[in-house]
Amino acid sequence: MQLYQEQPIKIYNTLSGTKELFQPINAGHVGMYVCGPTVYSNVHLGNVRTFMSFDVVFRYLKHLGYKVRYVRNITDAGHLENDEDAGEDKITKKARLEQIEPMEVVQRYTVDFHNILNTFNFLSPSIEPTATGHIIEQIELISTIIDNGYAYEVNGSVYFDVHKFNETHDYGKLSKRKLEDLVHNTRELDGQSDKKNPQDFALWKKAEPQHIMRWPSPWSDGFPGWHLECTAMSTKYLGEQFDIHGGGMDLKFPHHECEIAQNEAAKGVSPVNYWMHANMLQLNGQRMSKSTGNTINPDELLSGNNSIFTKAYAPSVIRFFNAQSSYRSVLDLTDDGLLASEKGFYRLMDAVNLLEELKPSETSTLDIKTWKQTCYDAMNDDFNSPILIAHLFEAAKYIHQIKEGLETVSSEDLALLKNTIHRFVFDVLGLENTTKNESGTDKLSGAISVLITLRQEARANKDFALSDKIRNELAAVGIQLKDGKDGTTFSVN
Ligand code: AMP
Ligand code: ZN
């Protein structure tokens, strides 16, 4: 008997707009795809939030005993500026600006992405396919869509015929849009004149002479459309129909809507049974986004090296902060919110550590079995981690009461309490047991601040030998000081 047989989950499905009982296609197995990053710049905390929410989903499904195949791709080609069909490729643009190869850009930011995920204690997905590694599959898919009459070629580019598709299918069913309204609201953009209709989207683009990332195809030397990549990679590893597809809310339209259309056009079936969308992270009330500059990178938050927050925060504090709100709610990253989460996180860790000191009694005055089920009920209700955390705090209260002799637990119940807390805190929420004094980040930034002040004093006294020594010796241990107009900041390599 596996846990999932006793613990049915409900998932909020964007497609139906309701919470549905989760029934995987193959009993005991789950296929899950999440749109990964486009690796043209450092990931910001908004990106991290989405992946973190799905990391908890992955962890909980595994905890329940499902055999999960979790595919999260890397977009390393075909994603154009402003998510549109015209303009420069995001990766090529970065390569041009930095005068390096596009694949150097891809390598650099893929490594950065993986480092950040490790710092935050993410589980690795089962497969992490790249768009450039699946060009053949994408070309095959385009040929099928053309053969089925839902795409057309113009001047070496291939476009999906949204209007033709909508005659027999429902384009807009995921994002709840109507094609008539889209027609009404779309403006004609320069460079899209090849399309029959502005709502059509590119499956294959002929490369301009200066476009470096290009592959031969029956239509032109070119590159695949961004939406097509995810259809090719998800169905290759999970089948024409699979269980869960996730991503940030901003991808619902057009990206995910187009994925549905492509799969229905190519294979005649809707690809995904449960569409899950994580809501956006805001920074001080505004959506976090690279393009507006309202953004903070994980290392800036972890090191305290930023002008937004009063201090550095440990990775598990940030994980805890994220889990304290539902993945479907907007979450605002503020200093007050992080400080409150930090306090709560260490309070929970203190209780977890205190568990080891508890002694069992003959009988229990607490109903640990019922408490345990409330934890499962929370997660079974669309992965409601804030409610789970409320139940974990309830357990923290029990732990103190048992310690003080106000309540008792039998040895069986004590083992159950311990095991349940460990499973949810470490396996499901992915938290790491850092106690405040050991976390290091606060102390490190405090110590570096002292050195920065000493260096400023040395410079004021014209003791440049000492000020250089402080800078160079910090650099030798991987701590870079940067002098800017607002003072000196540091980064840790
Ligand atoms: P991108 O690299 O821009 O394609 O984004 C990677 C993932 O991060 C996608 O699933 C986006 O939906 C998600 N994302 C981007 N901005 C935010 C944000 N402010 N909050 C949460 N998720 C975001
Ligand atoms: Zn995608």
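Residues numbered from 1 in each chain as written. Chains lettered and ligands numbered in written order. Predicted model: local features only at pLDDT ≥ 70, side-chain atom pairs only at ≥ 80, totals over all residues. Heavy atoms only, no water.

What follows deals with the overall build of the protein chain. Looking only at helices and strands, the protein chain has 17 helices and 15 strands in total. Taking 23 Å as the expected radius of gyration for a compact globule of 493 residues, we find that the protein chain reaches 26 Å, a close match to that expectation. The C-alpha extent of the protein chain, read off along each of the three principal axes, is 75 × 70 × 35 Å. With 493 residues in all, the protein chain has 52% of them scored as buried. A fraction of 74% describes how many contacts in the protein chain between residues 6 or more apart in sequence connect residues 24 or more apart. When the accessible area of the protein chain is evaluated, it comes to approximately 22000 Å², of which 48% is carbon and sulfur surface. When the 50 positive and 66 negative side-chain charges of the protein chain are each reduced to one mean point, those points stand 3 Å apart. (Helix = DSSP H or I, 4+ residues; strand = E, 2+ residues; numbered from the N terminus. Rg over C-alpha atoms; globule rule 2.2 N^0.38 Å. Buried < 20%, exposed > 50% of the residue type's maximum accessible area, 1.4 Å probe, protein only. Contact = heavy atoms within 4.5 Å. Areas by Shrake-Rupley, 256 points an atom, 1.4 Å probe, with all protein chains shown as cover. Lys, Arg positive; Asp, Glu negative; His and termini not counted. Charge placed at Lys NZ, Arg CZ, Asp CG, Glu CD.)

Right, let's get into the site of ligand 1. Around ligand 1 lies a shell of 15 residues, among which Gly46, Thr50, Asp250, Leu281 and Met288 are the nearest. Asn47 is positioned such that a nitrogen or oxygen atom in its side chain is 3.0 Å from an oxygen atom of ligand 1. At a separation of 2.8 Å, a nitrogen atom of ligand 1 approaches a polar backbone atom of Met288. With the chains in place, 92% of the 490 Å² that ligand 1 exposes on its own is no longer accessible. Looking at the shell around ligand 1, the element that brings in the most residues is helix α2 (residues 45-63), giving four residues. Tallied by class, residues from the shell around ligand 1 come to six nonpolar, seven polar and two charged. (Near = heavy atom within 4 Å. Polar contact = N/O pair within 3.5 Å; in protein donor to acceptor, adjacent residues only side chain to side chain. Nonpolar A, V, L, I, M, F, W, Y, C, P; charged D, E, K, R; others polar.)

Moving on to the side chain of Ser341. Locating Ser341 in the fold gives a position in helix α12 (residues 335-354). For Ser341, a relative accessible area of 2% gives the class buried. Other than its neighbours up to four places away in sequence, Ser341 contacts Val317, Phe320, Phe321 and Gln324.

Further remarks concern the sheet that holds strand β8 (residues 222-224). Spatial ordering of the open sheet is given by β5-β6-β7-β8, a layout of four strands whose pairing is antiparallel. Of all the strands in the sheet, just β5 (151-154) and β8 have a single pairing partner and so form its edges. Each neighbouring strand pair of the sheet contributes to a mean axis angle of 20°, computed without reference to strand direction. By the bridge criterion, three bridges tie strand β6 (residues 157-160) to strand β7 (residues 201-206) in an arrangement that is antiparallel. Each bridged residue has a counterpart across the sheet, and for Val158 the counterpart in β7 is Trp204. (Pairing = 2+ DSSP bridges. Axes fitted to C-alpha atoms, helices over the stretch in contact; angles between N-to-C directions.)

This paragraph deals with the packing of helix α11 (residues 315-323) against α12. Where α11 meets α12, the closest approach of the two axes is 9 Å, and the angle between their N-to-C directions is 105°. Considering the angle they form, α11 stands roughly perpendicular to α12. Of α12, the residues touching α11 (which contributes Ser316, Val317, Phe320 and Phe321) are Gly337, Leu338, Ser341, Glu342, Gly344, Phe345, Tyr346 and Leu348. Considering only residue class, the contact of α11 with α12 consists of seven nonpolar, four polar and one charged. (Parallel < 35°, antiparallel > 145°, perpendicular 65-115°, else oblique.)

What follows is about the sheet that holds strand β4 (residues 67-72). Across the sheet, which stays open at both edges, the four strands sit in the order β4-β3-β9-β10 with parallel pairing between neighbours. Two strands in the sheet have a free side with no partner beyond their single neighbour: β4 and β10 (272-278). Within the sheet, the average angular offset between the axes of one strand and its neighbour, ignoring direction, is 20°. Strand direction decides the pairing type here: strand β3 (residues 29-34) and β4, joined by six bridges, are parallel. When the sheet's bridge partners are listed, Met32 is paired in β4 with Tyr70. In this fold α2 packs onto β3, β4, β9 (242-248) and β10, with an angle of close to 175° to the strand it touches most, β3.

We now examine the environment of Gln2. Its location among the elements puts Gln2 in the segment before α1 (3-6). Residue class for Gln2 comes out partly exposed when judged on its relative accessible area of 37%. Expressed as a C-alpha distance, the spacing of Gln2 and Gly156, which sit 154 residues apart in the sequence, is 53 Å. In this structure Gln2 touches Leu64 and Gly65, once residues within four positions along its chain are discounted.

Structurally, the protein chain comprises domain 1 (3-278), domain 2 (313-437) and domain 3 (440-492). Domain 2 and domain 3 are separated by 39 Å when their C-alpha centres are compared. (Domains from an automatic or database assignment.)

Turning to the coordination of the zinc ion (ligand 2), a few remarks are in order. Metal coordination angles have textbook ideals: 109.5 degrees for a tetrahedral set of four donors and 90 or 180 degrees for an octahedral set of six. For the zinc ion (ligand 2), the protein coordination sphere consists of Cys35 (SG), Cys230 (SG) and His255 (NE2), at 2.0 to 2.2 Å. Considered as a linear motif, the donors of the zinc ion (ligand 2) on their single chain read C-x194-C-x24-H. Residue Cys35 is located in the loop between β3 and α2, and its partner Cys230 is located in helix α8 (residues 226-238); the two are separated by 195 residues in the primary sequence. The exposure class assigned to Cys230 is buried, which follows from its relative accessible area of 1%. (Donors = N, O, S within 2.8 Å, 3.2 Å for Na, K, Ca; no water.)

This model, assessed by the stated rule, comprises 18 aromatic pairs. The interplanar angle of 65° and the centroid separation of 5.0 Å between the aromatic rings of Phe22 and Tyr274 together place this pair among those described as edge-to-face. Of this pair, Phe22 sits in the loop between β2 (18-21) and β3 while Tyr274 sits in strand β10, and the two are 252 residues apart along the sequence. Overall, the relative accessible area of 4% leaves Phe22 in the buried class. Of the residues examined, Tyr274 reaches a relative accessible area of 6% and is grouped as buried. Both rings, one in Phe320 and one in Phe393, keep their centres 6.2 Å apart while their planes meet at 90°; by these two values the pair is edge-to-face. (Phe/Tyr/Trp six-rings, centres within 6.5 Å; stacked < 30°, edge-to-face > 60°.)

Residue position: Gln373 is located in helix α13 (residues 368-380). Residue classification places Gln373 among the partly exposed positions, given a relative accessible area of 30%. For the pair Gln373 and Thr420, spaced 47 residues apart in the sequence, the C-alpha separation amounts to 9.7 Å. In this structure Gln373 touches Gln7 and Asn380, once residues within four positions along its chain are discounted.

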